[in-house]
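# A structural walkthrough
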Amino acid sequence: MYFSFQTALILVISTQTEACPESCQCIYPEISSLSIECTQRVNLTQTLNGIAINNSKIVKVAVVGSGIESIPTALCKLDTLTSLEMRNNSLSHLDPECFRGMTGLTDLILRHNNITDLPDHLFDSNKELETIDLSHNKIQSIGTYVFSNPSNLESLTSIQLQH
């Protein structure tokens, strides 16, 4: 039987992590990237924590349409993460402590969630951030110190907050 390197890689990663839920499609195009797209709301916290713990070199994570309500703790500890896309979910709160661990983050896409506020010091440790997309959320308040220190966000070129 013939297996390509990519197929073998998917099999290796899949056996080291939590199973992909039935209503989702989990794609690992390379060892450093993960994409999960769901057709139904499903809690992916355990799945994502398992993947992050077993694959600490992940640089890109995309979770779409799962209904997840918070960024899983293990993802918060991935200092290798450069791109985090969690759109069309149920995120409601962003924890500044979580983003402190993501020091290499360049792209943050959290559009179409239920985020209501951006707390002070949210991005203080994210000096590499280039793009922040928080559009189509329910943002009612932005802390005074979210974007107040320009030296913390030297690389920022785009921020989307429209509703």
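Residues numbered from 1 in each chain as written. Predicted model: local features only at pLDDT ≥ 70, side-chain atom pairs only at ≥ 80, totals over all residues. Heavy atoms only, no water.

### Quick look at the confidence of the model for the protein
On average, the protein scores 84 in pLDDT, and the residues at 70 or more come to 88%. In this model residues 1-17 is a low-confidence stretch, pLDDT under 50, and it forms 17 contacts with partners more than four residues away in sequence or in other chains. (pLDDT = per-residue confidence, 0-100. Contact = heavy atoms within 4.5 Å.)

### Focus on the sheet that holds strand E3 (residues 60-64)
Read across the sheet, seven strands follow the order E1-E2-E3-E4-E5-E7-E9 without closing on themselves; strand pairing throughout is mixed. Edge positions in the sheet fall to strand E1 (24-27) and strand E9 (158-160), since each of these pairs with one other strand and no more. Each adjacent strand pair in this sheet contributes to an overall mean axis angle of 5°, direction not counted. Examined bridge by bridge, strand E5 (residues 107-109) and strand E7 (residues 131-133) share three bridges and lie parallel to one another. Considered in E7, the bridge of Asp107 is made with Thr131. (Pairing = 2+ DSSP bridges. Helix = DSSP H or I, 4+ residues; strand = E, 2+ residues; numbered from the N terminus. Axes fitted to C-alpha atoms, helices over the stretch in contact; angles between N-to-C directions.)

### Focus on the pattern of salt bridges
Under the criterion given, the structure shown has three salt bridges. Across the salt bridge formed by Arg100 and Glu97, the nearest N and O atoms sit 2.2 Å from each other. Placement of both Arg100 and Glu97 in helix H4 (residues 96-100) is noted, with a separation of three residues, approximately one turn of the helix. Accessibility expressed as a relative area gives 33% for Arg100, which makes it partly exposed. The shortest N-O distance in the salt bridge between Asp133 and Arg111 comes to 2.9 Å. Residue Asp133 is located in strand E7, and its partner Arg111 is located in the loop between E5 and strand E6 (117-118); the two are separated by 22 residues in the primary sequence. (Salt bridge = Lys/Arg side-chain N within 4 Å of Asp/Glu carboxyl O. Buried < 20%, exposed > 50% of the residue type's maximum accessible area, 1.4 Å probe, protein only.)

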